[in-house]
Amino acid sequence: MSERAPAAILGPGNIGTDLMMKLLRSERLSLELMAGIDPASPGLARAAAHGVAASPDGVEAILARDDVRIVFDATSARAHHANAPVLEEAGKVVVDLTPAARGPYVVPTVNLDEHLGEPNVNLITCGGQATIPMVHAVARVATVSYAEIVATIASASAGPGTRQNIDEFTQTTARAIERVGGVPDAKAIIILNPASPPLLMRDTVFARVSDGDADAIRESVRAMAADIAAYVPGYRLLLCDVVDDIVTVMVEIEGAGDFLPTYAGNLDIMTAAAAQVGERLAARILAGAAA
Amino acid sequence: MSVQIVDSSLRDGMHSVAHQFTPAQMAQVARALDRAGVGTIEVAHGDGLGGSSIQYGVAASSDLDYLAAVAPELERASLAVLLLPGIGTLAQVKEAQAAGARTARIATHCTEADIAQQHISWCREHGMRTIGFLMMSHMLAPADLAVQAALMESYGAEVVYAVDSAGALLPDGAAERVQALRQQLDCEIGFHAHNNLGCAVGNSLAAVDAGATWIDGSLRGLGAGAGNAQLEVLCAALDRAGHATGVDVFALSDAAEDVMAPLMRRPQIVDRTALALGYAGVYSSFLLHTERAAERFGVDARDVLIELGARKMVGGQEDMIIDVAAELAGRTG
């Protein structure tokens, strides 16, 4: 009997492949299947080359595997809306890396415990994963009336989905800052920088506070950066400054380079968050099986 | 040739006053511009709709309050708004249209036109005069700029601008970019200048000679960095060059002197920091933010700007000013 929870990835694109590389290192998850819809997809070939079963039959291939308990969806929001109901009906837990936001917004270091029992969890956006922990880090030791984040990513790391729906990024991120970060009002800004060689992902968090001790805020932010770095090794805190009623936090994210280039820290933090959620779900499933 | 004049005093000019114009002040300026015959008047936060933020500066009023104050003052001019996708959203353009905006300018960094597809298409389909705005165009070779401009035209833009956001172009560079767009596109071409190297009016004249038919300026040159092309000067020069603008130069220079000058908070000149913007090729809106950061961290604003230019920062990255200033002061890491 396996000591690891069987999992599958739907969507063998760049994100799906990067996630595959992370899951192959897991001690709690066993990646059983990579499913796509194009038999000629290089992602399916990459999976096969790594010894992972690969199928072009999409969600049907996953439904045919009763053993698979956890499904990572790295397709698109539209495809997710079609796939998620059938996967959930089949009793599989879905970790959603698309902007579909069917399930609750989840940030591993902030609210994962609250949502481990849900059939579907959503990972918001890369900007959300990078900044919401810092909003929360300030909000847990001070009263935050407004938070604002600026996510700057390398143009080369912004795919067509992000480019065609850039409003979706800013609106979803802002809503998630409010809901998960726990602040009444938020704004999100995204900037694409085409510099060559590409820049690492940069994020700035501004929080307007009405109380709180500057040292306590700095300590909370430092502790949060360490918690994130435990699963995103390239997450670095550059600055935490408190001037008057404004807290400024700056971070830089260097990707692990599992499949995607290291400048794509924005994509790395998404796949790392997905893997982290998967680990926790697997632990829960394995504990349930043992009980 | 006939040239369409767009006034930017109440949008780009907002940078000069740290986004603190009141709706009543905007109404007063817009009325004078409209009566002088300016065809299009742009109103918004300096960074466009939704720009009011800690990152760019919190405006004195909301974009909708500004539009509501200006719209009833206009008898002839088209009320315009600016949107930078990634900062504001299409929802805010829709609200602006409901508040009276009839022209939409959709701006991206010069290499990123495809992030504006949904916004440009929507504006064109919903009856707004739709203008694409390619910022920091000094960073891109003319032929490559034309490829991006063609994308904006394909989405529905009726005019595409080469925008010299850093005021880093000289007249030949401005003309080359307009010519490249002229050759590649069927739609009209515009040019938006900044005066950091003292070339704003000259670059605009060169752009018109190269085929641009839409030109921006602002009263007294109000705008980010050393400001835009000084509108009353620009219109007089275009007139002398034989181009019809439909603008009454004396009425415009009265508006500059009697209406705008009393509202200004600082002289709109090429001071040492503004000069460094053009010299380093840095986004003009960084001016006041850089001065503040330089003071906060005890470093020279020019050193900060040169470093930002070396790092190839683009418009909207005001947070990197803090980062660079802190780093120069040995405060990060």
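Worth saying up front: this structure is predicted, and the values here are computed from it rather than measured.

Conventions adopted
Residues numbered from 1 in each chain as written. Chains lettered and ligands numbered in written order. Predicted model: local features only at pLDDT ≥ 70, side-chain atom pairs only at ≥ 80, totals over all residues. Heavy atoms only, no water. Helix = DSSP H or I, 4+ residues; strand = E, 2+ residues; numbered from the N terminus. Rg over C-alpha atoms; globule rule 2.2 N^0.38 Å. Buried < 20%, exposed > 50% of the residue type's maximum accessible area, 1.4 Å probe, protein only. Contact = heavy atoms within 4.5 Å. Lys, Arg positive; Asp, Glu negative; His and termini not counted. Charge placed at Lys NZ, Arg CZ, Asp CG, Glu CD. Domains from an automatic or database assignment. Buried area = accessible area lost by both parts, 1.4 Å probe. Salt bridge = Lys/Arg side-chain N within 4 Å of Asp/Glu carboxyl O. Polar contact = N/O pair within 3.5 Å; in protein donor to acceptor, adjacent residues only side chain to side chain. Axes fitted to C-alpha atoms, helices over the stretch in contact; angles between N-to-C directions. Parallel < 35°, antiparallel > 145°, perpendicular 65-115°, else oblique. Left-handed = near helix turned anticlockwise from the far one by under 90°. Nonpolar A, V, L, I, M, F, W, Y, C, P; charged D, E, K, R; others polar. Pairing = 2+ DSSP bridges.

**Student:** Could you give an account of the overall build of chain B, with specific residues and numbers?
**Tutor:** Scanning chain B from terminus to terminus reveals 13 helices and 8 strands. In terms of overall size, chain B behaves like a compact globule, its C-alpha atoms giving a radius of gyration of 18 Å where 333 residues would be expected to give roughly 20 Å. With respect to the three principal axes, the spread of C-alpha positions in chain B is 55 × 45 × 40 Å. Expressed as a percentage of the 333 residues in chain B, the buried residues total 65%. Long-range contacts, defined as pairs at least 24 residues apart, comprise 77% of the intrachain contacts of chain B with a sequence gap of at least 6. Side-chain charges of chain B comprise 22 positive and 39 negative groups, with the mean position of each set lying 3 Å from the other.

**Student:** How would you explain the domain arrangement of chain B if you had to name every residue and give the values?
**Tutor:** A common measure of how large an interface is: the accessible area buried when the components associate. Residue and element names in this part refer to chain B. Taken as a whole, chain B is organised into domain 1 (4–263) and domain 2 (272–328). Between the C-alpha centres of domain 1 and domain 2 the distance comes to 23 Å. Facing 23 residues of domain 1, the contacting portion of domain 2 comprises 22 residues. Here domain 1 packs against domain 2, burying approximately 1500 Å² in sum over the two surfaces, 60% of which is carbon and sulfur. Taken together, domain 1 and domain 2 are joined by 0 salt bridges. For the pair domain 1 and domain 2, the number of links is 9 residue pairs in polar contact (both at pLDDT 80 or more).

**Student:** So, the side chain of Asn195 of chain B: which residues are in play, and what are the values?
**Tutor:** Residue and element names in this part refer to chain B. Take Asn195: it is sitting in the loop between strand E7 (188–192) and helix H7 (200–209). Within the local environment of Asn195, its side chain forms a polar contact with the backbone nitrogen of Ala200, the two atoms lying 2.9 Å apart. Excluding anything up to four places from it in sequence, Asn195 contacts Ala200, Ala226, Gly227, Asn228 and Val270.

**Student:** Outline the packing of helix H1 (residues 23–36) of chain B against helix H2 (residues 63–70) of chain B, supporting the account with residue identities and numerical values.
**Tutor:** Residue and element names in this part refer to chain B. The N-to-C vectors of H1 and H2 enclose an angle of 40 degrees; their axes lie 8 Å apart at closest approach. Comparing the axis directions of H1 and H2 gives the class oblique. Two packed elements cross with a definite hand, and for H1 against H2 that hand is right-handed. Residues Pro23, Met26, Ala27 and Ala30 of H1 lie in contact with H2, whose contacting residues are Asp65, Tyr66, Ala69 and Val70. Class assignment for the residues of the contact of H1 with H2 results in 7 nonpolar, no polar and 1 charged.

**Student:** Describe the sheet that holds strand E11 (residues 246–253) of chain A, naming the residues involved and giving the relevant values.
**Tutor:** Adjacent strands of a sheet form backbone hydrogen bonds with each other and so pair up, either parallel or antiparallel. Residue and element names in this part refer to chain A. Taken in spatial order, the 5 strands of this open sheet run E8-E7-E9-E11-E10, and their pairing is mixed. Each having just a single partner strand, strand E8 (186–193) and strand E10 (235–243) make up the two edges of the open sheet. Between one strand axis and the next, the sheet turns through 15 degrees on average, direction left out of account. Both strand E7 (residues 144–154) and strand E9 (residues 201–209) contribute to a ladder of 8 bridges, which runs antiparallel.

**Student:** Residue-level account of the sheet that holds strand E3 (residues 53–55) of chain A, with values.
**Tutor:** Residue and element names in this part refer to chain A. With parallel pairing, 6 strands are arranged side by side in an open sheet as E3-E2-E1-E4-E5-E6. Strands with a single pairing partner mark the edges of an open sheet, and in this sheet they are E3 and strand E6 (120–122). With strand direction ignored, the average angle separating the axes of adjacent strands in the sheet is 20 degrees. By the bridge criterion, 6 bridges tie strand E1 (residues 5–10) to strand E2 (residues 29–35) in an arrangement that is parallel. Counterpart to Leu10 in the pairing with E2 is Ala35.

**Student:** Lay out the interface of chain B and chain A in plain terms, naming residues and giving numbers.
**Tutor:** On the side of chain A, 33 residues touch chain B, which itself brings 39 residues to the contact. Across the interface of chain B and chain A, roughly 2700 Å² is buried in total on both sides, 55% from carbon and sulfur atoms. Linking chain B with chain A are 4 salt bridges. As a salt-bridge pair, Glu112 of chain B and Arg163 of chain A come within 2.9 Å of each other at their nearest N and O atoms. The interface formed by chain B and chain A contains 15 residue pairs in polar contact (both at pLDDT 80 or more). Secondary structure elements with two or more residues in the side of chain B that touches chain A: helix H3 (90–98), helix H4 (117–125), helix H11 (286–297) and helix H13 (319–328) of chain B. With 5 residues, H13 of chain B is the single largest residue contributor to the side of chain B that touches chain A.

**Student:** Tell me about the pattern of salt bridges, and name the residues and values.
**Tutor:** Counted by the stated rule, this structure contains 31 salt bridges over all chains. Across the pair Arg218 of chain A and Asp215 of chain A runs a salt bridge whose closest N-O atoms are separated by 3.0 Å. With Arg218 of chain A and Asp215 of chain A both in helix H9 (residues 214–229) and 3 residues apart, the pair spans about one turn of that helix. We classify Arg218 of chain A as partly exposed; its relative accessible area is 23%. Note that Glu327 of chain B and Arg311 of chain B form a salt bridge whose closest N and O atoms lie 3.1 Å from each other. One end of the pair, Glu327 of chain B, is in helix H13; the other, Arg311 of chain B, is in the loop between helix H12 (301–310) and H13, and 16 residues separate them in sequence. Taking the relative accessible area as the measure of exposure, Glu327 of chain B reaches 41% and is therefore partly exposed. Residues joined in a network through salt bridges with shared partners are Asp18, Lys22, Arg25, Asp258 and Asp268 of chain A.

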